[in-house]
Amino acid sequence: MFPSCINRNSTQKIDAQQTSPAANAVNDNNVETDFSASLAEVLSSSQLPARIGQRIGSGIAENPAFLLDLFTVLQEDPYLWVLVDKERALGEDYEPGDLVDIKGGSYRVSRQDLRLRRCAAESLEEMAAAAARDGIILTASSSYRSYAYQVDLYARNVRELGREAADRESARPGHSQHQLGLIVDFGSISDAFAQTAEGVWIAANASRFGWSLSYPDGYEEITGYRWESWHYRYVGVELAQFIDNYFDGIQQYALRFIYEWVKRS
Ligand SMILES: [Zn+2]
């Protein structure tokens, strides 16, 4: 029912994407000990709030559902969960191979040159159709941004705002989630968006279609960005549920956990 991103060839392009030793240990008698050790280390290096660590638990015996859900997520296209933030960038040459033009449908577009990866475009249409049934018309205002575009945008922001403000408002080249082709900025791309019918609808419904708010209110120290009520990342339905169920709906927490888990091999 829901579109998924199948792009396993992309696996090699992400340095952090390696099979974890714990994953190889599934048939091992020591599996429980291995998992518990992995979890403890990853929880510690991810610097998550204590309440999240308690929810995740300390091993298979305590919380088998979490590990099953984690491995389900890791089966997905790694670009759904790769961490792209102030510290971690995509390569200069990374451009998704399945970008499609989005021209509207059940939603509006605010400009004609928008592109998304196919799975995100299909999910957007599905979500927008559901919104339309509730009397809400979504507007996609910004989406894929190439590396070259980010170079121009960041330089312009530094010129106009100064470097410090530019870093709050925009990403340095390669550090923008928009380069994934999985992001939509909705509506006015301003704080006013949160109060609109569209903003309220998306906040309440996005995750069941696989979309996650990247920069929530009050988490600038965690995400590096001020609140952006309009900026949603398509992460797929499984990961969106994983974020909601275990990480308080905070995408950065979940992606940081996954980053540390995968890196730990
Ligand atoms: Zn954005």
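Residues numbered from 1 in each chain as written. Predicted model: local features only at pLDDT ≥ 70, side-chain atom pairs only at ≥ 80, totals over all residues.

1. Here we look at the confidence of the model for the chain
Low-pLDDT portions of the prediction should not be read for the details of their coordinates. With 87% of its residues at a pLDDT of 70 or more, the chain has an overall mean of 88. The low-confidence segment residues 8-13, where pLDDT is below 50, has 5 contacts with residues more than four positions distant or belonging to other chains. (pLDDT = per-residue confidence, 0-100. Contact = placed C-beta atoms within 7 Å.)

2. Considerations on helix α10 (residues 237-246)
Those residues of α10 not exposed but buried are Leu239, Ala240, Phe242, Ile243 and Tyr246. Taken end-on, α10 shows its buried residues confined to a sector of 165°, consistent with a single buried face. Looking at the buried residues of α10, the elements they touch are α3 (50-56), α4 (64-74), β6 (211-213) and α11 (251-263). Of the residues trailing α10, aspartate 248 is marked for its positive phi of about 55°. (Buried ≥ 20, exposed ≤ 12 C-beta atoms within 10 Å, placed from the backbone. Helix = DSSP H or I, 4+ residues; strand = E, 2+ residues; numbered from the N terminus. Arc of directions from axis to C-beta.)

3. Some details on the sheet that holds strand β5 (residues 183-186)
On the basis of which strands lie adjacent, the open sheet formed by 5 strands has the order β2-β4-β5-β7-β6 and mixed pairing. Two strands close off the open sheet at either side, each with one partner strand: β2 (108-109) and β6. (Pairing = 2+ DSSP bridges.)

4. Side note on the pairing of strand β4 (residues 139-142)
Regular strands place their side chains on alternate faces of the sheet. By the bridge criterion, 2 bridges tie β2 to β4 in an arrangement that is parallel. Residue pairing for β4: valine 109 is matched across the bridge by alanine 140. As judged from the 2 bridges shared by β4 and β5, these two strands associate in the antiparallel manner. Counted as the bridge partner of serine 142 is aspartate 185 from β5.

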